[in-house]
Amino acid sequence: MDDEHLSGIVAVLRVDAAERLTRRADIEPMPFGDVDMLVRTFRNARTDNREVLLFRRPRRAGIDERGAARHQIGIPHQTGLHGFLSPIHIHLPVTANMLASECRTARPSVIVMQDDSYRAMPSVTSPIRSPIVRKDSAMAVPLVLLPGTLCDERLFAPLLARLSERVTMVLPIDDDDPVVLATTLLNMAPPQFALLGFSLGGLVALEMALLAPDRVAGLALVDSNARARAGDAPPHPGPPAAAVAAMWPRATGLAGHDNQVLRALLDAMAEGIGPQTHATQERLACARTDKRDQLSRLTMPALILAGADDLLCPPPMQHELADGLPKATLVLIDGAGHFAPLEAPDQVAGHVAAWLARVDHALSSNIRPLTPFRTGDDMTKTDSSHQPARRADATAAETDGTVLQVERRDFTELVPTDRARVQGMRGFDPIYTDIVDYIVRCTHRIWDERDVGLIYTHYTHNCVAYTTMGTMYDRETHIRDTIQRLVEFPDRRGLAQQVIWRGNDSDGFYTSHMTHGQGRHSQYGMYGKPTGRTFLTRTVADCMIIENKIYKEWIVRDNMGPVIQLGLDPHAYAQDIANRKFEANEPIMEVVENRRLLGQYPPETDADTSIAHNDSEAQLLRDLHYIYNKRMFGRIHELYAPNCQWHGPLMREYYGVAAVLQQTMRLVALISDGYYVPQHICSVDSEEGGTKYAVRWTLEGHHLGYGPLGAPTGHPLSVMGITHYHVRDGKIIDEWAVYDELSMLAQVKLAALHRAAG
């Protein structure tokens, strides 16, 4: 027997007879390269008689290609084959010779052998990898793939051969009604899955995602589009071979025109599809409707991938998809045409793997009752590893190996005395059990317990601290500033709100620590004579830490809040700050060109995501770029949950998307030529569900708008801010925006002094 006798067989599934295809645990893919190997393996088992089920990809559901009367059976969902394969034969029992004969004539796609003794069968390897059913860790989201016109599972074989193992299934495109087909395929698919569609399969994938967005955990559209069929588009000529011939000149990139292997594969797939299914697919293509106005509803992680030389679905169509999908990553592969999965399999697999990692991460963050939590990793762009988050009612024994989270715990739980160290903390004082314990405990000891001298052991001598009011370049300045603030507010307390972090004890940690400071103004100090009034303000401190010492810090404090709460005149207070800076010969910032716009070009289409450590961080950076730099404020309606909450400067609290929109535009209106530049981002999976992100950013431009700074002056302005976001179920539910309006007002007044002085 030669290989052509097995041209359709891609896998053998050995199933224990006791399971009867009702449990997935004992289903294993066993690929074969030829019939002889299959028969030899069959004979090596303990007995020659066993139950065998032969399946193949259906031409039309429920119809056996050979037209003979066969036993029709349902394929249980647990096998991963449900809805993909039609039964050809059931033999009870079957012999090796009968099996070989059936392989010659029926050419099945999958053989399922039900046998109590299959565990005794020898291990068989083959260069052919099964693209139909595979399985891996339960942490990986199942992947459903939809081929395009005149394509079958062979289209995805190079891709799947390069991906890490996970449950995958390829579903057929064999109905001419888009909604009916999408509904049928959803009934075949797992309860929740990642969905990848190629060309016509991408159109069907969009239909499925719109019908069941809660089940489609991620969406990848490869060489596809969201448009309706053009009215003047010529139909593909039949038979299938003629359709391939007509399409071929426009099917590949320039380098692929002479690729006879690819052409032969397209011809083979077309022959396998046959004229009947081809006609059905053509009717389906004509029946599709324009989905561009519905893309914003799909908030799952998305990948838009195509060949840069695709003439059938050219790059403008890909940009439409990427702009319309809120969480889309756009990839155009140089030199590839319409069949990118076959023309550039290595590049396609790399981008698909990255997208699947986003999907796995998003799903694990959103649907598990105990979401994983990050441990330290290297300070590179590699994503952090994870540990299970701790429940609020967990005992000390249950929390071994987990890093603390602030939000649900009383202070005494955040600074335990009997907790074992759960994280690598080389060089740190023994009292600290993890990085969150370190930053919360040492802050409390310095500011609340007044052990200011700990700064000597917790800061390097040359630590640089960047604040909204200026920069401190040494440890002694830190100590002096801390003492002065504590003297003015003797009962000051700093309440930890959350800590978002990344890193490890080898490369260093980065923490973004948000606190609420409160106290009574009872002593003379920077705010003048005592007023007796209380204040409440929000501060975020981002720290870089190595071996117990902070060596760089960014402090964003809402200084305007206390000024107003203590009854002071903000303009007079800011003028006093400006006078002192002017007398110290402090220069103003000069904004020549902030590079948001390059010459007369519009803003950059794509955000710079080089600081992101994973795909979800990269997507948030894209969204922020879209809002702040492209000025597409309408995106806020898509990104934020209807019941979201915005926590802003002056301790302002607002609710709902409209409020977020107004406050965001309020800031941009002050600096209407401003360029928003994220400086750092990190994230942790929250035990409240979802993920929390910390973004440190700058906004630079000129004072060109009305608002709390008074009438526009045209003076240069620079804003440093830190924002924390809580994202759950694909929507931002909380935003904590911290920036200093007092610093902005002082900059305007300092610039006025410089202008007056000539």
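For clarity, every value in this text was computed on a predicted model and none was experimentally measured.

A separate point is helix α12 (residues 435-447). A rise of 1.5 Å per residue sets the reference length of α12, with its 13 residues, at 18 Å; its end C-alpha atoms lie 18 Å apart and thus fit the reference within 8%. Judged by how many residues are buried, α12 sits mostly within the fold: 12 of 13 residues are covered. When α12 is considered as a whole, its buried residues turn out to be Ile-435, Val-436, Asp-437, Tyr-438, Ile-439, Val-440, Arg-441, Cys-442, His-444, Arg-445, Ile-446 and Trp-447. In this structure Asp-434 caps α12, since a side-chain oxygen of it lies 3.0 Å from the backbone nitrogen of Val-436.

This part takes up the pairing of strand β23 (residues 691-702). Consecutive side chains of a regular strand alternate in pointing toward one face of the sheet and then the other. Here β23 lies mainly inside the structure; 11 of its 12 residues are buried. Both strand β22 (residues 675-685) and β23 contribute to a ladder of 10 bridges, which runs antiparallel. Among the inter-strand pairings, Asp-685 is bridged to a residue of β23, identified as Thr-691. Hairpin geometry of β22 and β23 is characterised by an intervening segment of 5 residues between the two adjacent antiparallel strands and by a positive phi of about 105° at Gly-689. Note: β23 against strand β24 (residues 716-728), 12 bridges, orientation antiparallel. By the bridge assignment, Glu-700 is partnered in β24 with Ser-718.

The biggest cluster of nonpolar side chains holds 48 residues, and the ones touching the most others in it are Tyr-640, Val-695, Trp-697, Tyr-725 and Met-744. For Tyr-725, the contacting residues outside a window of four places in its chain are Leu-620, Leu-624, Tyr-640, Thr-691, Lys-692, Tyr-693, Val-695, Ile-732, Asp-734, Glu-735 and Trp-736. If you look at the next biggest cluster of nonpolar residues, it comprises 43 residues, including Phe-156, Val-222, Ala-251 and Leu-262.

What follows concerns the environment of Trp-501. Following the sequence through the fold, Trp-501 ends up in strand β16 (residues 493-504). Sequence separation between Trp-501 and Ser-683 is 182 residues, and the spatial gap between their C-alpha atoms is 6.6 Å.

So, about the packing of helix α16 (residues 570-583) against helix α20 (residues 741-756). Across the interface, α16 lies against α20 with an axial gap of 8 Å and an inter-helix angle of 55°. Classed by the angle they form, the pair α16 and α20 counts as oblique. Two packed elements cross with a definite hand, and for α16 against α20 that hand is right-handed. Together, Pro-570, His-571, Tyr-573, Ala-574, Gln-575, Ile-577, Ala-578, Asn-579, Lys-581 and Phe-582 of α16 and Leu-742, Leu-745, Ala-746, Lys-749, Leu-750, Leu-753 and His-754 of α20 make up the contact between the two elements. Grouping the constituent residues of the contact of α16 with α20 by class yields 11 nonpolar, 4 polar and 2 charged.

As a further point, take the confidence of the model for the protein. Of all residues in the protein, 73% have pLDDT values of 70 or greater, and the mean over the chain is 78. Considering only residues more than four positions removed or in separate chains, one finds that residues 104-110, a stretch of pLDDT under 50, has 38 contacts. In this model, residues 112-138 is a region of pLDDT below 50 whose contacts with residues beyond four sequence positions or in other chains number 107 contacts.

What follows concerns the environment of Leu-699. Inspection of the secondary structure puts Leu-699 in strand β23. Looking at Leu-699, the relative accessible area reads 2%, which means it is buried. Linking Leu-699 and Val-668, residues 31 residues apart in sequence, is a C-alpha distance of 8.7 Å.

Right, let's talk about the sheet that holds strand β20 (residues 640-647) for a bit. Within the open sheet, the 6 strands sit side by side as β21-β20-β25-β24-β23-β22. Their pairing is mixed. A strand with exactly one partner marks an edge of an open sheet, and here the two such strands are β21 (653-655) and β22. Averaged over all neighbouring strand pairs, the angle between strand axes comes to 15°, with direction disregarded. With 7 bridges joining them, β24 and strand β25 (residues 731-738) adopt antiparallel strand pairing. Within the sheet, the bridge partner assigned to Tyr-725 lies in β25 and is Glu-735.

Structurally, the position occupied by Pro-213 is in the loop between α5 (200-211) and β9 (216-222). Taking C-alpha positions, Pro-213 is 6.7 Å from Leu-298, a pair spaced 85 residues apart along the chain.

Looking now at the sheet that holds strand β7 (residues 168-170). Spatial ordering of the open sheet is given by β7-β6-β8-β9-β10-β11, a layout of 6 strands whose pairing is parallel. Pairing within the sheet leaves two strands with one partner each, and these edge strands are β7 and β11 (328-333). Strand-to-strand twist of the sheet, defined as the mean angle between neighbouring strand axes without regard to direction, takes the value 15°. Bridge analysis of strand β6 (residues 143-146) against β7 gives 3 bridges, and the strand direction is parallel. Bridge pairing links Leu-145 to Val-170 in β7.

Calculation criteria
- Residues numbered from 1 in each chain as written.
- Predicted model: local features only at pLDDT ≥ 70, side-chain atom pairs only at ≥ 80, totals over all residues.
- Heavy atoms only, no water.
- Helix = DSSP H or I, 4+ residues; strand = E, 2+ residues; numbered from the N terminus.
- Expected span 1.5 Å × (residues − 1).
- Buried < 20%, exposed > 50% of the residue type's maximum accessible area, 1.4 Å probe, protein only.
- Polar contact = N/O pair within 3.5 Å; in protein donor to acceptor, adjacent residues only side chain to side chain.
- Pairing = 2+ DSSP bridges.
- Core = buried A, V, L, I, M, F, W, Y, C linked by side-chain atoms within 4.5 Å.
- Contact = heavy atoms within 4.5 Å.
- Axes fitted to C-alpha atoms, helices over the stretch in contact; angles between N-to-C directions.
- Parallel < 35°, antiparallel > 145°, perpendicular 65-115°, else oblique.
- Left-handed = near helix turned anticlockwise from the far one by under 90°.
- Nonpolar A, V, L, I, M, F, W, Y, C, P; charged D, E, K, R; others polar.
- pLDDT = per-residue confidence, 0-100.

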